[in-house]
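Architecture at a glance
Here is how the chains run, residue by residue.
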Amino acid sequence: MEAKLKKELGTAMLKPTGHSGGGCISEGQSYDTDSGRVFVKINHKSEAKLMFDGEMASLEAIGKTETVKVPKPVKVIELDRGGCVFVMEHLDMRGLSKHSTHLGEQLADLHLHNKRQMEKLNKEQQTVGKGAGQSGVPVVEKFGFSVTTCCGYLPQENEWQDDWVAFYSRQRLQHQLNMVEKSYGDREARELWAKLQLKIPQFFTDVEVVPALLHGDLWGGNVAECAEGPVIFDPASFYGHSEYELGIAGMFGGFSSSFYSAYHEKIPKAPGFAKRNQLYQLFHYLNHWNHFGGGYRGSSIRIMKDLLK
């Protein structure tokens, strides 16, 4: 693997630094190269390339907004013996503590970025003689993403849709429930979903949803800080409802009240927020059920029942 890395990165030096990391999906290792230190994620699964291509596109998209720091992606490299590595900038990170407030502000800026671009473009179009927006980030008016991204190792259906409720119901919840059905044939889940999908539009009355670029998997394990401020990593991005981001954030802890206050200062809670928050957590409980098994069945069923009350 190291010979392949040297060749692909065009470096004579490739020296392990002893810094390693990784979660339940991929392992990672840092190396010093001719052009600085890099972090290399390794995954030997057959879907590794799809996963890393999605992560690279996610990091590039977030990076271009210049709102919140992410590691700069370098290259996805296929290994000769199967599997893939993903090379990115190495950042000296530690647990998020003193930069919680900054993360709340910067995450809100990320979520508002596309909306602000839209407003700017509309203003420019109304001003005679002005060109279209000069920013390198295109204005996005639909929900979805240009490539497949994976939440964990399961691919998400990111085909573009005009309507958020349809996108979330079909391409997030229905997709997960189809996998549950295939693996477990769970009758109760099937019956609850038949009722719940009819009710989902009610949770969005009087709520305007503008496509926002999302990290997509923002739990406590995917945030940190370095000397300059907060960092987010391991994204599963797409354009969706900003509130979706706070679903998984609230499930496993790791975010302080100062993070939430700073965020909601810029994006206040809309009416019906609590119910939609449960609806967004449902995706992650189903995704965990599909990744890790029946231990997450109870939470998935409970949320569906709560939402039907």
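Residues numbered from 1 in each chain as written. Predicted model: local features only at pLDDT ≥ 70, side-chain atom pairs only at ≥ 80, totals over all residues. Heavy atoms only, no water.

Our next topic: the nonpolar core. One broad trend across soluble globular proteins is that nonpolar side chains are buried collectively. If you look at the biggest cluster of nonpolar residues, it comprises 75 residues, and the most contacted ones within it are W164, L173, F204 and M304. When residues of this core are sorted by domain, at least three fall in each of domain 1 (12-90) and domain 2 (95-125 + 138-308). Setting aside residues no more than four positions away along its own chain, M304 makes contact with L177, A189, L192, W193, L196 and L282. In terms of nonpolar packing, the next biggest core, distinct from the first, is built from 10 residues, L5, Y31, V38 and V87 among them. (Core = buried A, V, L, I, M, F, W, Y, C linked by side-chain atoms within 4.5 Å. Buried < 20%, exposed > 50% of the residue type's maximum accessible area, 1.4 Å probe, protein only. Domains from an automatic or database assignment. Contact = heavy atoms within 4.5 Å.)

Moving on: the packing of helix α8 (residues 273-292) against helix α9 (residues 297-308). The geometry of α8 relative to α9 is characterised by a closest axis approach of 9 Å and an angle of 155° between their N-to-C directions. Viewed along their axes, α8 and α9 adopt a mutual orientation that is roughly antiparallel. In the crossing of α8 with α9, the sense of the turn from one axis to the other is left-handed. Across the interface between the two elements, K275, Q278, L279, Q281, L282, Y285, L286 and W289 from α8 touch R297, S299, S300, R302, I303, M304, D306 and L307 from α9. Grouping the amino acids of the contact of α8 with α9 by side-chain chemistry returns eight nonpolar, four polar and four charged. (Axes fitted to C-alpha atoms, helices over the stretch in contact; angles between N-to-C directions. Helix = DSSP H or I, 4+ residues; strand = E, 2+ residues; numbered from the N terminus. Parallel < 35°, antiparallel > 145°, perpendicular 65-115°, else oblique. Left-handed = near helix turned anticlockwise from the far one by under 90°. Nonpolar A, V, L, I, M, F, W, Y, C, P; charged D, E, K, R; others polar.)

Turning our attention to the environment of N178. Examined against the element boundaries, N178 turns out to sit in helix α4 (residues 164-184). Residue class for N178 comes out partly exposed when judged on its relative accessible area of 43%. Taking the C-alpha atoms as reference points, N178 and K309, 131 residues apart in sequence, are found 23 Å from one another.

A word on the packing of aromatic side chains. This structure, assessed with the given rule, holds 19 aromatic pairs. Within the aromatic cluster, the residues linked to one another by ring pairs are F143, W164, F167, Y168, F238, Y244, Y280 and F283. One cation-aromatic arrangement involves K45 over Y153; the distance from NZ or CZ to the ring centre is 4.6 Å. Just above the ring of F238 sits the side chain of R172; from NZ or CZ to the centre is 4.2 Å. (Phe/Tyr/Trp six-rings, centres within 6.5 Å; stacked < 30°, edge-to-face > 60°. Lys NZ or Arg CZ within 6 Å of the ring centre and 35° of its normal.)

Next up on the list: the side chain of N277. Mapped onto the fold, N277 is located in helix α8. Among the residues examined, N277 registers a relative accessible area of 15% and is labelled buried. At 3.4 Å, the side chain of N277 and the backbone oxygen of L246 are in polar contact. In contact with N277, other than residues within four places in its own chain, are L246 and G247. (Polar contact = N/O pair within 3.5 Å; in protein donor to acceptor, adjacent residues only side chain to side chain.)

Don't take any of this as a statement about function, it's just geometry.
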